[in-house]
Amino acid sequence: MKLGVVGLPNVGKSTLFNAITHAGAEAANYPFCTIEPNVGVVAVPDERLDKLAALYSSKKVTPAVIEFVDIAGLVKGASRGEGLGNKFLSHIRECDAIVHVVRCFEDGNIIHVNNKIDPVGDIQTITLELILADMDAVQKRMDRIKNVAKGGSNKEAAFEYAFLERLFAFLEEENPARNLEVTKEEKVLLDNLFLLSSKPVIYAANIAEDDMGKDEDSLPYVKAVKDYAQKEGSSVLVICARTEEELSQMSEEDQEMFLEEFGLKESGLNRLIKKSYALLGLISYLTAGEKETRAWTIERGTKAPQAAGKIHTDFEKGFIRAEVVDYQTLLECGGYVGAREKGKVRSEGKDYVMQDGDVVLFRFNV
């Protein structure tokens, strides 16, 4: 799963991305690294893994991971190919969601591209470029099916064309596609269009170091971003990119001391990773043993056989049952044997929907 990190020049996007790539490069027991100069793979923070690993004396701990892509080249007019516009848009199209970094700090030494700090205006600039690109895509689709749809004999084409007309009018009012209310049938059509403005978004409100620890709603720029995001049902994460970059280069012990000084339980980067994981509709089930404790990424709503298939396709093909115990219960029972003795291990079949934090042993035929 990929998240595209976007933002206008000089909003702190590159600084935040540097923090992401540093965190990835320093992670242990997994080949986290910057795969390309503009890609960073990082671990999803999960304190459950360390506790399970301690319980089983696991030789290896493998967390779930998430991929961030630094998407450069946005200027006004990107939808028409200005700057690196076409490349910018194609990179976003490949991502599953967007982290939109918004400048919420004053600094006379860092020039704003529009010569003023206006976080809502910045959001609208990028959103409009995505909408304009989407309008072009919708129009092309309408042109392709118009003759069939207008003929009257193809009801499916007529239904799609009517939806596209409504969608186009909605985009024309500068509304992102993700805000359009759709029926189940229309959602299928919308998903098949792979529109840029239909992707879920997190707004990363980048604040100054001096504003860390302050009440978020007392910061006017942050408040403006929150109000804007609330109207469209999007998430906001308040973060100081410069501090996150510094933190990512510290030892774990120094990080804890630094965060404690500001009364914070965890870094902004960890909160961003967790929020991104949830935004994508992802959860983790766990496997634990002496050899390895591991988090496996699945989409919320995944059933047991498909979850087993994440480990190996043979697990899904030959699925018999899943022996499941929730993480907290397993710890309280002192391990799998104790949980079984107390009747806490459940035997689940093919229709079982996996839950976040399930610790699982799959039974299957080869």
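Preceding this paragraph is the structure being described.
We now turn to the structure provided with this report. Since the structure is predicted, the reported quantities are computational estimates derived from the model, not experimental observations.

**A word on the pattern of salt bridges**
Consideration 1: For the structure shown, the criterion picks out 20 salt bridges.
Consideration 2: When the shortest N-O distance is used, the salt bridge between Arg 294 and Glu 292 registers 3.9 Å.
Consideration 3: What makes Arg 294 partly exposed here is its relative accessible area of 24%.
Consideration 4: When the shortest N-O distance is used, the salt bridge between Arg 321 and Glu 323 registers 3.1 Å.
Consideration 5: Overlapping salt bridges, with partners in common, bring together Arg 321, Glu 323, Arg 340 and Arg 363 in one network.

**Re the nonpolar core**
Consideration 1: In this structure, Ile 20, Ile 66, Phe 68, Tyr 203, Ile 207 and Leu 272 are the most contacted members of the largest nonpolar core, which totals 72 residues.
Consideration 2: Contact partners of Ile 207, with chain neighbours within four places excluded, come to Cys 104, Phe 105, Met 212, Leu 219, Val 222, Val 238, Ile 239 and Cys 240.
Consideration 3: Listed in part, the 20 residues of the second largest apolar core include Leu 167, Ala 177, Leu 180 and Leu 193.

**What about the side chain of Lys 13?**
Consideration 1: Residue placement: Lys 13 occurs in helix 1 (residues 13-26).
Consideration 2: Assessed through its relative accessible area of 9%, Lys 13 is described here as buried.
Consideration 3: Of the polar contacts made by the side chain of Lys 13, one reaches the backbone oxygen of Ile 71; its length is 3.4 Å.
Consideration 4: Excluding anything up to four places from it in sequence, Lys 13 contacts Val 5, Val 6, Gly 7, Asp 70, Ile 71, Ala 72 and Val 101.

**Remarks on the environment of Leu 180**
Consideration 1: Secondary-structure assignment places Leu 180 in the loop between helix 5 (155-172) and helix 6 (184-193).
Consideration 2: Along the primary structure Leu 180 and Phe 170 are separated by ten residues, whereas in three dimensions their C-alpha atoms are 7.4 Å apart.
Consideration 3: Those residues in contact with Leu 180, other than ones at most four positions away along the chain, are Phe 163, Arg 166, Leu 167 and Phe 170.

Reading the values: rules and limits
Residues numbered from 1 in each chain as written. Predicted model: local features only at pLDDT ≥ 70, side-chain atom pairs only at ≥ 80, totals over all residues. Heavy atoms only, no water. Salt bridge = Lys/Arg side-chain N within 4 Å of Asp/Glu carboxyl O. Buried < 20%, exposed > 50% of the residue type's maximum accessible area, 1.4 Å probe, protein only. Core = buried A, V, L, I, M, F, W, Y, C linked by side-chain atoms within 4.5 Å. Contact = heavy atoms within 4.5 Å. Helix = DSSP H or I, 4+ residues; strand = E, 2+ residues; numbered from the N terminus. Polar contact = N/O pair within 3.5 Å; in protein donor to acceptor, adjacent residues only side chain to side chain.

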